[in-house]
Amino acid sequence: MWKDYIRKVVPYTPGEQPKNRKVIKLNTNENPYPPTPKVAKALEDFNKDCLRLYPDPTASALTKTLADYHGVDEDEVFVGVGSDDVIAMAFLTFFNSDKPILFPDITYSFYSVWADLYRIPYERPALDKDFKLVKEDYYKENGGIIFPNPNAPTSLAVSLDFIEDILKHNQDSLVIVDEAYIDFGGDSALALLNKYENLLVIRTFSKSRSMAGMRIGYAIGNKFLIKALNDVKYSYNSYTMNQTSLVFGKESVLDDNYFKETVDKIVATREHAKKRFEELGFTCLDSKANFLFVTHKCVPAKQIFTQLKENGIFVRYFDSPRIDNYLRVTIGTDEEMEALYKFLERYVVNA
Ligand SMILES: *Cc1c(COP(=O)(O)O)cnc(C)c1O
């Protein structure tokens, strides 16, 4: 009998984390550069005695640092164990109506997993043939809206006007903008927070801040939304943020120069990569993220993916409708990218 009462879920499938560290890893949108040296220093200086104690449940050192950085109040920031934790918490907190929540057919594949886990009904309006969001699709009645800007895996960003239109047409539901990749290009919806109380913006340290292994994400919204998130968090696990995340996360935010230099390097490599891919016969969407979404004019994506993998270069391939002839390629260092072009120069020409 008990078997009938197990919660049945189809889990999210993350990109592969190979045990062999020698591969060129362009499959999970990690940052190829290390976090600021201030983090390494804080790691050396870390007071091990505090591991004995519970961390600050309010995570105030990090929350306060982020609030100052973004020019908002401390009670307008919520931190979590990566943005996955923050988004999952937001689904649990805000998406409790009987109406379906809306997110695009092609987007971060974790959204449908959380919706299924929490039994939230959802609809997935289709992106248009150019993989663009269609804003009118989000004007209908709904129980909430979420989309990433820039979108993943398409890499395309929408304008602030576009987001504002969606907010205006949805004053009765919560709109979440997942800004995992915003530092690499698009315009942040943070600029709209003062005008719309139904907006929640979610960010992560995993991509632009080179700290995927640390697991830090956060949400910014008005204090009513943040209190609701905290109430749910404290009903679930008071100590989500461990002591090291609080200390190292703060160091990362304080070193803004290093952060901006790193992001600029990745953007420069991305723009160069677009040209190189096009010379090789690929079409690239206009990426505002730290990855490219590419398709080749004659060689099937799955075949390229497999060949790359056999040659120690990992990229991401999604065997799903509409995107099964595309590859998502994370921007690595210039060296890593050169190794990729070198392989492709031989492979796609001879294929
Ligand atoms: C990477 C990613 C996340 C999750 O990142 P965390 O490592 O959990 O912070 C969330 N949304 C999108 C669109 C992402 O690509």
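What you are looking at is a predicted structure, and each value in this text was computed from that prediction instead of being measured.

What counts, and where the lines are drawn
- Residues numbered from 1 in each chain as written.
- Predicted model: local features only at pLDDT ≥ 70, side-chain atom pairs only at ≥ 80, totals over all residues.
- Heavy atoms only, no water.
- Helix = DSSP H or I, 4+ residues; strand = E, 2+ residues; numbered from the N terminus.
- Rg over C-alpha atoms; globule rule 2.2 N^0.38 Å.
- Buried < 20%, exposed > 50% of the residue type's maximum accessible area, 1.4 Å probe, protein only.
- Contact = heavy atoms within 4.5 Å.
- Areas by Shrake-Rupley, 256 points an atom, 1.4 Å probe, with all protein chains shown as cover.
- Lys, Arg positive; Asp, Glu negative; His and termini not counted.
- Charge placed at Lys NZ, Arg CZ, Asp CG, Glu CD.
- Phe/Tyr/Trp six-rings, centres within 6.5 Å; stacked < 30°, edge-to-face > 60°.
- Core = buried A, V, L, I, M, F, W, Y, C linked by side-chain atoms within 4.5 Å.
- Domains from an automatic or database assignment.
- Near = heavy atom within 4 Å.
- Polar contact = N/O pair within 3.5 Å; in protein donor to acceptor, adjacent residues only side chain to side chain.
- Nonpolar A, V, L, I, M, F, W, Y, C, P; charged D, E, K, R; others polar.
- Buried area = accessible area lost by both parts, 1.4 Å probe.
- Salt bridge = Lys/Arg side-chain N within 4 Å of Asp/Glu carboxyl O.
- Pairing = 2+ DSSP bridges.

**Describing the overall build of the chain**
Moving on, step 1. A count of helices and strands for the chain gives ten helices and 13 strands.
Moving on, step 2. Scaling as 2.2 N^0.38, a compact globule of 351 residues should have a C-alpha radius of gyration of about 20 Å, and the chain matches this with 21 Å.
Moving on, step 3. Projected onto its principal axes, the C-alpha positions of the chain cover 60 × 55 × 50 Å.
Moving on, step 4. Buried positions account for 53% of the 351 residues belonging to the chain.
Moving on, step 5. Here the contacts in the chain between residues at least 6 apart in sequence split such that 72% fall between residues at least 24 apart.
Moving on, step 6. Looking at the chain as shown, the accessible area adds up to about 16900 Å², and 52% of this sits on carbon and sulfur atoms.
Moving on, step 7. In the chain, 44 positive and 50 negative side-chain charges are present, and the distance between their average locations comes to 5 Å.

**Some words on the packing of aromatic side chains**
One pair of aromatic rings is described through two measures. These are the centre distance and the angle between the planes.
Moving on, step 1. For the structure shown, the criterion picks out 23 aromatic pairs.
Moving on, step 2. With centroids separated by 5.7 Å and ring planes inclined at 65°, the aromatic side chains of Tyr12 and Tyr108 adopt a geometry described as edge-to-face. Separated by 96 residues along the polypeptide, Tyr12 in the segment before β1 (24–25) and Tyr108 in the loop between β3 (101–102) and α4 (110–117) bring together distant segments of the chain.
Moving on, step 3. Its relative accessible area of 21% is what places Tyr12 among the partly exposed residues.
Moving on, step 4. Summarising the aromatic geometry, the rings of Phe131 and Tyr326 are spaced 5.3 Å apart at their centres and angled 85° between planes, so their arrangement reads as edge-to-face.

**Quick notes on the nonpolar core**
Moving on, step 1. With 48 residues, the main nonpolar core has Phe147 and Leu199 as its most contacted residues.
Moving on, step 2. Looking at this core element by element, the count peaks at four residues for helix α5 (residues 160–168).
Moving on, step 3. Counting only domains with at least three residues in this core, you end up with domain 1 (2–34 + 257–350) and domain 2 (37–255).
Moving on, step 4. If you look at the next biggest cluster of nonpolar residues, it comprises 36 residues, including Ala152, Phe277, Tyr341 and Tyr347.

**Some words on the site of the ligand**
Moving on, step 1. Among the 13 residues in the neighbourhood of the ligand, the closest are listed as Ser83, Tyr181, Thr204, Ser206 and Lys207.
Moving on, step 2. Here an oxygen atom of the ligand and a side-chain polar atom of Ser206 are 2.6 Å apart.
Moving on, step 3. Here Lys207 contributes a side-chain N or O atom positioned 3.0 Å from an oxygen atom of the ligand.
Moving on, step 4. About the coverage of the ligand: the protein hides 94% of its 390 Å² of free accessible area.
Moving on, step 5. Classifying every residue of the shell around the ligand by side-chain character gives five nonpolar, four polar and four charged.

**Some remarks on the domain arrangement of the chain**
Moving on, step 1. What the domain assignment lists for the chain is domain 1 (2–34 + 257–350) and domain 2 (37–255).
Moving on, step 2. When each unit is reduced to the centre of its C-alpha atoms, the spacing between domain 1 and domain 2 is 24 Å.
Moving on, step 3. Facing 32 residues of domain 1, the contacting portion of domain 2 comprises 35 residues.
Moving on, step 4. Between domain 1 and domain 2, the buried area comes to about 2700 Å², and carbon and sulfur atoms account for 63% of it.
Moving on, step 5. Among the residues domain 1 hides against domain 2, the three largest losses belong to Tyr12, Phe259 and Arg322. Together they make up 28% of the total.
Moving on, step 6. The interface formed by domain 1 and domain 2 contains one salt bridge.

**Observations concerning the side chain of Lys274**
Moving on, step 1. Mapped onto the elements, Lys274 comes out in helix α8 (residues 256–279).
Moving on, step 2. Within the structure, the side chain of Lys274 is placed 3.1 Å from the side chain of Glu271, a separation counted as a polar contact.
Moving on, step 3. Discounting residues that sit within four places of it in the chain, Lys274 has contacts with Cys284, Leu285, Asp286, Ser287 and Leu292.

**Some details on the pattern of salt bridges**
Moving on, step 1. Counted by the stated rule, this structure contains 24 salt bridges.
Moving on, step 2. In this structure, Asp256 engages Lys260 in a salt bridge whose closest nitrogen and oxygen atoms are separated by 2.6 Å. Pair noted here: Asp256 and Lys260 are both in helix α8, with a separation of four residues, about one helical turn.
Moving on, step 3. Residues joined by salt bridges that share partners form a network here, namely Arg270, Glu271, Lys274, Asp286 and Lys288.

**Some words on the environment of Ala67**
Moving on, step 1. Structurally, the position occupied by Ala67 is in helix α2 (residues 60–70).
Moving on, step 2. Between the alpha carbons of Ala67 and Asp98 there is a distance of 34 Å; along the sequence they are 31 residues apart.
Moving on, step 3. Discounting chain neighbours no more than four positions away, the residues touching Ala67 are Val72, Asp73, Glu74 and Val77.

**With respect to the sheet that holds strand β12 (residues 316–317)**
Moving on, step 1. Spatial ordering of the open sheet is given by β9-β10-β13-β12, a layout of four strands whose pairing is antiparallel. Single-partner strands in this sheet number two, and they are β9 (282–284) and β12.
Moving on, step 2. As defined by bridge partners, β12 adjoins strand β13 (residues 327–330) across two bridges and the pair is classed as antiparallel. Paired with Arg316 across the two strands is Arg328, which belongs to β13.

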